[in-house]
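Examination of the molecular architecture
Listed below are the residues making up each chain.
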Amino acid sequence: MNAQEKPYIIVLGNEKGGTGKSTLSMHLIVHLLRLGFKVGSIDIDARQGTLSRYIENRRKYIEMNGKELPISTHHAILRSNLPTILDAQEEEKKKFLSCLSSLKDKDFILIDTPGNDTFLSQLSHSYADTLITPLNDSFIDLDMLARINSETREISGPSTYAEMVWEQKKHKLLRERTQFDWIVLRNRLSSIFAKNKEEMQFLLNKLAQRIGFRLASGFGERVIFRELFLQGLTLLDLQDVGIEMTLSHVAARQELRALLEMINLAPLIERLENVS
Ligand SMILES: Nc1ncnc2c1ncn2[C@@H]1O[C@H](COP(=O)(O)OP(=O)(O)OP(=O)(O)O)[C@@H](O)[C@H]1O
Ligand SMILES: [Mg+2]
């Protein structure tokens, strides 16, 4: 029995590629599993399949090393090959809803989306309870959220991805009479001071009010995120598999915890405790 009536859906999305969606998806999945939640995951970027392979690597690691590591119930959805757009969309929607339905006993469903605009990605956004958008600390990434005047640094308006998010918020509102929470975070932040970094912070704070998201404190550039994929491990598994924690690992774990804290888990944990 799950802790609430329906699973809480977290979507990792950004139409810009390579911003850390799959890496963060995997870390959030393992974090939630370790808190005692039942977690399902869906990879709608199945062609690239990073999250699916990450989870497959974890499964293999568990088998080969006999370790008891928590793992999510995972599904991948491939794009339809049907020739007409309407038929393809209908087939994709059916597959998506059937995936959600098969995970209805979970507390959380994490959905990893591709770094480009697809029907499945739009659909997933409209089902989010929380949307998390990681972006790299660069004006190129910011351009997906808003148009910035290069001379005055003024925000001249929302951009493609922000508009898509608004559109999907409307769909959710019509369907469920509720909106989703949108969290944006900067990933791979360098530890050295840079003017660019300061300017990004300033613009994102302004943008947060203008287009309606909450800004999380973000993640530093940390080698460990790139090292664990092949074994299917996350920062949260290091102690269990006998890898010594460094200060950088501890800091990264703290960043992850801070992100989860923004998703106010308290009511969900309370319900979980009442159920068990
Ligand atoms: N905080 C970080 N520090 C260092 N490397 C990172 C960090 N976050 C992600 N990476 C690395 O950045 C690369 C892109 O990450 P990831 O594949 O998770 O992005 P993505 O948004 O899912 O990409 P795509 O849009 O192609 O699906 C990977 O090599 C990953 O290991
Ligand atoms: Mg990815």
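Residues numbered from 1 in each chain as written. Chains lettered and ligands numbered in written order. Predicted model: local features only at pLDDT ≥ 70, side-chain atom pairs only at ≥ 80, totals over all residues. Heavy atoms only, no water.

**Here we look at the site of ligand 1**
Basically, it comes down to this: We call a residue near a molecule or strand as soon as one heavy atom of that residue lies within 4 Å of the molecule or strand. The term polar contact refers here to a pair of N or O atoms within 3.5 Å; inside protein, the definition further demands a hydrogen-donor-capable atom paired with an acceptor-capable atom, and it admits residues adjacent in sequence only when both atoms are side-chain atoms. For the area figures, the Shrake-Rupley method with a 1.4 Å probe applies, and any residue is considered shielded solely by the protein chains shown. To qualify as a helix, a DSSP run of H or I must reach at least 4 residues; to qualify as a strand, a run of E must reach at least 2; elements of each kind are numbered from the N terminus. All residues other than Ala, Val, Leu, Ile, Met, Phe, Trp, Tyr, Cys, Pro, Asp, Glu, Lys and Arg, Gly among them, are scored as polar; the first ten of these are nonpolar and the last four charged.
Taken together, 17 residues surround ligand 1, and among them T19, K21, S22, T23 and R222 come closest. With respect to ligand 1, the backbone of T19 contributes an N or O atom lying 2.9 Å from an oxygen atom. The contact in question runs from a nitrogen atom of ligand 1 to an N or O atom on the backbone of G220, over 2.9 Å. Protein contacts shield 83% of the accessible area of ligand 1, which totals 640 Å² for the unbound molecule. Every element with two or more residues in the shell around ligand 1 is listed here: helix 1 (21-34) and helix 8 (224-227). Residues of the shell around ligand 1, tallied by class, amount to one nonpolar, 10 polar and six charged.

**A few points about the nonpolar core**
Rule in force here: Buried Ala, Val, Leu, Ile, Met, Phe, Trp, Tyr and Cys residues form a nonpolar core when they are joined through side-chain atoms within 4.5 Å. Between buried and exposed lies partly exposed: a residue is buried under 20% and exposed over 50% of the maximum accessible area for its type, with that area taken using a 1.4 Å probe on protein chains only. Should any heavy atoms of two residues lie within 4.5 Å, those residues are considered in contact.
Residues I10, L32, F108 and I132 are the most contacted members of the largest nonpolar core, which totals 41 residues. Contributing elements (two or more residues each) for this core: strand 1 (8-12), helix 1, helix 2 (50-65), strand 4 (108-112), strand 8 (181-187), helix 8 and helix 9 (247-262). Tallying contributions element by element places helix 1 first for this core, with seven residues. What L32 contacts, discounting residues up to four positions off in sequence, is I10, F37, V39, F108, L110, L260 and L265. The next biggest cluster of nonpolar side chains, apart from the first, holds 37 residues, and it includes I42, I44, I77 and Y161.

**Section: unusual backbone geometry**
A positive phi angle is found at R153, which is not glycine, with a value near 60°. Relative to the helices and strands, R153 is located in the loop between strand 6 (146-148) and strand 7 (155-158). Judged by its relative accessible area of 32%, R153 falls in the partly exposed class. Phi at R177 takes a positive value of approximately 60°, unusual for a residue other than glycine. Checked against the element boundaries, R177 lands in the loop between helix 6 (160-176) and strand 8. A relative accessible area of 70% places R177 in the exposed class.

**Notes on the environment of D181**
Along the polypeptide, D181 turns up in strand 8. On a C-alpha basis, the gap between D181 and D129 in space is 6.3 Å, while along the polypeptide they are 52 residues apart. With near-sequence residues (within four places) excluded, D181 lies in contact with D129, T130, L131, R214 and M262. A distance of 2.5 Å separates the side chain of D181 from the side chain of R214, its partner in a polar contact.

**What to know about the packing of helix 4 (residues 119-126) against helix 6**
Definition in use: Simply put, an axis is a line fit to the C-alpha atoms, just over the touching stretch for a helix, and the angle between two N-to-C directions goes from 0 to 180 degrees. Angle categories: roughly parallel below 35 degrees, roughly antiparallel above 145, roughly perpendicular from 65 to 115, and oblique for all the rest. Crossings are assigned a handedness: left-handed for a near helix turned anticlockwise from the far helix by less than a right angle, right-handed for a clockwise turn.
Orientation of helix 4 relative to helix 6, taken along the N-to-C sense of each, is 55°, at an axis distance of 8 Å. Classified by the angle between their axes, helix 4 and helix 6 sit oblique to one another. Considering the relative orientation of helix 4 and helix 6, their crossing is right-handed. From helix 4, S121, Q122, H125 and S126 reach across to helix 6, where they touch Y161, M164, V165, Q168, H171, K172, R175 and E176. Its residues assigned to classes, the contact of helix 4 with helix 6 shows three nonpolar, six polar and three charged.

**Digging into the packing of helix 1 against helix 2**
Contact geometry of helix 1 with helix 2 gives a least axis separation of 9 Å together with a crossing angle of 45°. Looking at the two axes, helix 1 sits oblique to helix 2. Seen from above, helix 1 lies across helix 2 with right-handed handedness. Contact with helix 1, carried on its side by S22, S25, M26, H27, I29 and V30, involves T50, L51, Y54, I55 and R58 of helix 2 and no other residues of that element. Among the residues forming the contact of helix 1 with helix 2, the class breakdown is six nonpolar, four polar and one charged.

**Topic: the sheet that holds strand 5 (residues 130-136)**
Basically, it comes down to this: DSSP bridges decide pairing: two strands pair if at least two such bridges lie between them.
Ordered by their spatial adjacency, seven strands build an open sheet running 3-2-4-1-5-8-9, and the pairing between neighbours is parallel. Edge positions in the sheet fall to strand 3 (73-76) and strand 9 (214-215), since each of these pairs with one other strand and no more. Direction of pairing for strand 8 relative to strand 9: parallel, over a ladder of two bridges. Considered in strand 9, the bridge of V184 is made with L215. Contacts from helix 1 reach strand 1, strand 2 (39-43), strand 4, strand 5 and strand 8 within the one sheet, and its direction differs from that of strand 4 by about 170°. Strand contacts of helix 2: strand 2, strand 3 and strand 4, with the helix running at about 135° to strand 2, the strand carrying the most contacts.

**Examining the environment of L12**
Secondary-structure assignment places L12 in strand 1. Since its relative accessible area comes to 0%, L12 is described here as buried. Along the chain, L12 and T133 lie 121 residues apart, while their C-alpha atoms are 5.9 Å from each other. Beyond its immediate chain neighbours, meaning those up to four positions away, L12 contacts K21, L24, S25, L28, L110, I111, D112, T113, I132 and P134.

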